[in-house]
Amino acid sequence: MSSTTTVLDEPVHSSISLPSGQTVRIKSETALEVDEIPIIDFSAIWSDDIAAKKAIAERVREASHRIGFFYCQHPGIDPKYAAAAFKQGKRFCALPIEKKLEVDTARVPNEYVGYHKMKGYNRNKRKQQDLSEAFNWAYDPSHDPEAVDKSEPSISIWPSDFPGFKEELYTYHTQLLQFARRMTRIFALALHMPEDYFDDYVKHPEAGMRIIHYPQQEASAVDQNGIGAHTDFECFTIVTQDGNDGLQVLNKDGYWVKAKPVPDAFVVNIADCFMRQTNDFFVSTVHRVINKSGRERYSLPFFFGFDRSKRLEAVPSCVSDENPMKYPIMTSGEYYHYRATNAKAGSS
Ligand SMILES: O=C(O)CCC(=O)C(=O)O
Ligand SMILES: [Fe+2]
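Figured I'd write up the structure that's included with this text. Note that the coordinates shown come from a computational prediction; the quantities given were computed from them, not determined experimentally. (Residues numbered from 1 in each chain as written. Chains lettered and ligands numbered in written order. Predicted model: local features only at pLDDT ≥ 70, side-chain atom pairs only at ≥ 80, totals over all residues. Heavy atoms only, no water.)

### Here's the deal with the pattern of salt bridges
- Tallied over the full model, the rule gives 20 salt bridges.
- Across the salt bridge formed by K258 and E33, the nearest N and O atoms sit 3.5 Å from each other. One end of the pair, K258, is in strand 11 (residues 256-258); the other, E33, is in the loop between strand 2 (23-26) and strand 3 (39-41), and 225 residues separate them in sequence.
- The shortest N-O distance in the salt bridge between E111 and R308 comes to 3.0 Å. A residue pair is termed long-range when its members are at least 10 positions apart, and E111 in the loop between helix 3 (97-100) and strand 5 (114-116) and R308 in the loop between strand 14 (297-305) and helix 6 (332-345) qualify at 197 residues.
- On the basis of relative accessibility, which here comes to 26%, the residue R308 falls in the partly exposed class.
- What you see here is one network of salt bridges that share partners, running through E33, D245, K258 and K260. (Salt bridge = Lys/Arg side-chain N within 4 Å of Asp/Glu carboxyl O. Helix = DSSP H or I, 4+ residues; strand = E, 2+ residues; numbered from the N terminus. Buried < 20%, exposed > 50% of the residue type's maximum accessible area, 1.4 Å probe, protein only.)

### Section: the site of ligand 1
- Near ligand 1 there are 14 residues, and of these R210, Y214, H230, R297 and S299 occur at the shortest range.
- Separating an oxygen atom of ligand 1 from a side-chain N or O atom of R210 is a distance of 2.9 Å.
- A distance of 2.9 Å separates an oxygen atom of ligand 1 from a polar atom in the side chain of R297.
- Starting from 300 Å² of accessible surface for ligand 1 in isolation, the protein chains cover 98%.
- Among the elements that line the shell around ligand 1, the one with the most residues is strand 14, at four residues.
- Its residues placed into classes, the shell around ligand 1 shows eight nonpolar, three polar and three charged. (Near = heavy atom within 4 Å. Polar contact = N/O pair within 3.5 Å; in protein donor to acceptor, adjacent residues only side chain to side chain. Areas by Shrake-Rupley, 256 points an atom, 1.4 Å probe, with all protein chains shown as cover. Nonpolar A, V, L, I, M, F, W, Y, C, P; charged D, E, K, R; others polar.)

### Details of helix 4 (residues 165-190)
- Between the first and last C-alpha of helix 4 there are 36 Å, a value that for 26 residues agrees with the 38 Å anticipated at 1.5 Å per step.
- Of the residues trailing helix 4, H192 is marked for its positive phi of about 60 degrees. (Expected span 1.5 Å × (residues − 1).)

### Topic: the sheet that holds strand 14
- The sheet built from eight strands is open, its strands ordered 3-4-12-9-14-7-6-5 with mixed pairing. This sheet does not close on itself; its edge strands, each paired only once, are strand 3 and strand 5. In this sheet, adjacent strand axes meet at a mean angle of 25 degrees when their direction is disregarded.
- Of the pairings in the sheet, the one linking strand 5 to strand 6 (residues 133-137) comprises three bridges and is antiparallel in character. Each residue of the ladder has a partner; that of G114, found in strand 6, is N136.
- Helix-sheet contacts for helix 2 (residues 79-93) involve strand 5, strand 6, strand 7 (206-214), strand 9 (236-241) and strand 14, and the interaxial angle to strand 14 is about 115 degrees.
- Along the sheet, helix 4 contacts strand 4 (69-73), strand 6, strand 7, strand 9, strand 12 (265-270) and strand 14; its crossing angle with strand 14, the most-contacted strand, is approximately 50 degrees. (Pairing = 2+ DSSP bridges. Axes fitted to C-alpha atoms, helices over the stretch in contact; angles between N-to-C directions. Contact = heavy atoms within 4.5 Å.)

### Here we look at the coordination of the iron ion (ligand 2)
- Distances from the iron ion (ligand 2) to its protein donors, H230 (NE2), D232 (OD) and H287 (NE2), fall at 2.1 to 2.2 Å.
- Along the chain, the residues donating to the iron ion (ligand 2) are arranged with the sequence spacing H-x1-D-x54-H. Summarising the burial analysis for this pair, H230 and D232 share the class buried. (Donors = N, O, S within 2.8 Å, 3.2 Å for Na, K, Ca; no water.)

### Brief notes about the packing of aromatic side chains
- Enumeration over the complete set of coordinates arrives at 32 aromatic pairs.
- Considering the side-chain rings of W158 and Y170, the 5.6 Å spacing of their centres and the 50 degrees angle between planes classify their relative orientation as tilted. Residue W158 is found in the loop between strand 6 and helix 4, and its partner Y170 is found in helix 4; the two are separated by 12 residues along the sequence.
- Summarising the aromatic geometry, the rings of F236 and F304 are spaced 5.3 Å apart at their centres and angled 45 degrees between planes, so their arrangement reads as tilted. With F236 in strand 9 and F304 in strand 14, this pair connects stretches of sequence that are 68 residues apart. As far as the burial class goes, F236 and F304 line up, both buried.
- If you follow R123 out to its NZ or CZ, it ends over the ring of Y121, 4.6 Å from the centre. (Phe/Tyr/Trp six-rings, centres within 6.5 Å; stacked < 30°, edge-to-face > 60°. Lys NZ or Arg CZ within 6 Å of the ring centre and 35° of its normal.)

Laid out in C-alpha cells, this is it:
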C-alpha cells in the first residue's frame, strides 16, 4: 500500500460517545492514505508448525494492541466461496422492498438478524441517515462441521422462495467459521496463553454474518456515512471486501485512515468483547464506511464471538495486582443482548 500524505481539513474536533463506553475524538473528516494497518501473511495458520504460528501471533499482538486492525493475507480459503456469497447478496439487494421486508429485522426483537432497510439507521446522529442496507444471519449448528448438537435451532430468518440464497451464504460462512476457530488459537498465542486457551469458548460460538450494500454516496463525508462510526460487539470481525474503497479506521491520534482492499486478504478488527477480556490490551477500534468509490460497494463482515453462556472473565496475562480488571464480569450473551438491543433502538 502506498503512503501518500493528504492535506487535512480544518480540525473539527468532534467527539463521539459509543455504546461500548468509549468516547473518541475525531480531528478531521478527511481520511488519510497511510500504512498504519499491517499486512500479515497467514499461510501458516493451517499448519502444525508452532514456531510459524507464534511468528504470526506476535504480529497480531502488535497490531491488535496498537490499532486493533490488520490485514490477514493468504488465508487459504478459495475465493470462489466469497464470489458466490457476493452474488447472492447482490441478488437479495436487487429484490423489491416488499420482498426484503418479509424478513425485516423488526420481526426478531433483540437479535441482529434479517433485513436492515436502506437508510434505516443514523449511528452518529449529526449527519443524514446512513446510506446502506444489510441482511444479517446467525450461527446455525446444522452448518457447523464441528457442532456439538446439530439439531439446535438457529435464530435467523430467511426469505421464502429464494432458492440457493441460504445455501450459498452458509457455504462461505462455514469456511469462515473454521478459519475463525483457527484464528482464535492465534489470538491465544498473541496473548501469551496456551494455543488451546479459548477452545472451549468457541464450540458453540457467536458467529453472525452480514452482506452490506453501500450505494455510491453523493453527499460529502461531513454530511453522510455509509455506516457511521462504531465498534463491533463480539471478539473479532473478519471483513471480506469487494475491491471498492470505503472502510476507514480511526487511529489513536483521532484521524481516519483508509483500509483499502488488499488482494487475497481479509480485514480483521478487534471488537468489544475482546477489548473487555483483555482489559483494554487489545483495542476495539472505531471504524466507519463512506463509499465515494464511484461504484456500488458490497462487503461481507463475519462477526466472531464466544459462546453466549460463557463469562467474559479477564485473560490472566492481561491482569495483575497493579492492573486489575476494569470491567464488570457478565456472560457473552448478556453483553450481546445489551448491545443488539441498543443498536436496534437507533434504527428508524
Ligand atoms: O463494510 C465494511 O467494510 C465494514 C462494515 C462494518 O463495519 C460493520 O458491518 O460492522
Ligand atoms: Fe463494524
